[in-house]
Amino acid sequence: MTENERANETAMNTTVGEPKPQTVPVVAVVLAAGFGTRFDPENPKQLVSVGGKPIVCWSIEAFERCARVSDIVVVVNSKVREEVESLIDQQGYGKVRVVIDGGAERVDSTAAALDTLAQAGIPDDAKILIHDAVRPFVAQSAIDGSIDALDQFQAATVAYASTDTVLLTQDLGDLKVVKSVPDRPNTFRAQTPQSFRFATIRKAYELAAEDPDFHPTDDTRVVVDYLPDVPVAIVSGAETNLKITTVEDIPTAERIAEQLEGFNPKEAARARMHALLAQAAGQMR
């Protein structure tokens, strides 16, 4: 077993045997509000098809399939809201309670979701799982592990042990220089979902809103920075929990989709071509 495999095996993943029934709401917040400036501004990546279905559908379905998730909130870019709502209707995602507009940055979208949940009267002890829609292949074990982690902790994040040495840097003139090198067994790559008891993440965001320099890139950072006494547990992630950021990520995503569901994009393309040719031949008769 490699060092990476050992580290991920020892990362917190408490799901053993049958999952525990939940006595509080378990709400998945699927963040699909990014503008995709590093992808293709004219072709929103949430709607790009991978493995035969839009990326956003993969993420919604992951939580729809989990019996322990009670509700789903989808946060969208207003430019794709109509298309996302249409997909939700077409696919019959029964756990999706509301689709709301996100904000300019990721934290604005999370804040909008938290405000919506507060207005709906969600209880303080509800479990909130916040997931990037552009991580379409999150495993059920990661979702279950996140839910279970919140039985012991107020916050948790899915993460994957780093296979690379991580360098912490600082500025020196026009260049970056190495400040320290943390031990590799202690370095993980953050993934999602990032999960919290509702009162905890709500309090962290309230404190953060008072800070004019508040610009974290994920929700775990909000808790770590503004509620430093609250430990954030690690739930074992996976290499396949890929974040699709650029067009170059699509071939990798297609390979993962093929592994997970046996979808072959080349065969699908051939099938579409055969269908078009058959249709054309029929029109010529």
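Structure shown above.
Residues numbered from 1 in each chain as written. Predicted model: local features only at pLDDT ≥ 70, side-chain atom pairs only at ≥ 80, totals over all residues. Heavy atoms only, no water.

(A) Quick peek at helix H6 (residues 198–208). Looking at H6, one finds that the buried residues are Phe198, Thr200, Ile201, Ala204, Tyr205 and Ala208. The elements touched by buried residues of H6 are helix H4 (106–119), strand E6 (127–132), strand E10 (188–197) and helix H7 (219–226). (Buried < 20%, exposed > 50% of the residue type's maximum accessible area, 1.4 Å probe, protein only. Helix = DSSP H or I, 4+ residues; strand = E, 2+ residues; numbered from the N terminus. Contact = heavy atoms within 4.5 Å.)

(B) Summary view of the pattern of salt bridges. Enumeration according to the criterion identifies 14 salt bridges in this entry. In this structure, Asp115 and Arg202 form a salt bridge, with 2.6 Å as the shortest nitrogen-oxygen distance. Taken together, the residues span a long stretch of sequence, with Asp115 in helix H4 and Arg202 in helix H6 at a distance of 87 residues. Since its relative accessible area comes to 23%, Arg202 is described here as partly exposed. Measuring nitrogen to oxygen at the nearest pair gives 2.7 Å for the salt bridge that ties Arg221 to Asp225. (Salt bridge = Lys/Arg side-chain N within 4 Å of Asp/Glu carboxyl O.)

(C) Spotlight on the packing of aromatic side chains. In total, this model carries three aromatic pairs according to the counting rule given. Geometrically, the ring pair formed by Trp58 and Phe137 is edge-to-face, given 5.0 Å between the ring centres and 75° between the ring planes. Linking Trp58 in helix H2 (residues 55–65) with Phe137 in the loop between E6 and helix H5 (140–149), this pair joins segments that are 79 residues apart in sequence. You can call Trp58 buried: its relative accessible area is 6%. For Phe137, a relative accessible area of 5% corresponds to the buried category. Ring geometry for Phe214 against Tyr226: centres 5.9 Å apart, planes inclined by 80°, an arrangement best described as edge-to-face. In this pair, Phe214 is assigned in the loop between H6 and H7 and Tyr226 in helix H7, connecting sequence segments twelve residues apart. Residue classification places Phe214 among the buried positions, given a relative accessible area of 14%. One aromatic cluster is present, built from ring pairs that chain together Tyr205, Phe214 and Tyr226. Lys53 extends its terminal NZ or CZ atom over the ring of Trp58, reaching a point 4.2 Å from the ring centre. (Phe/Tyr/Trp six-rings, centres within 6.5 Å; stacked < 30°, edge-to-face > 60°. Lys NZ or Arg CZ within 6 Å of the ring centre and 35° of its normal.)

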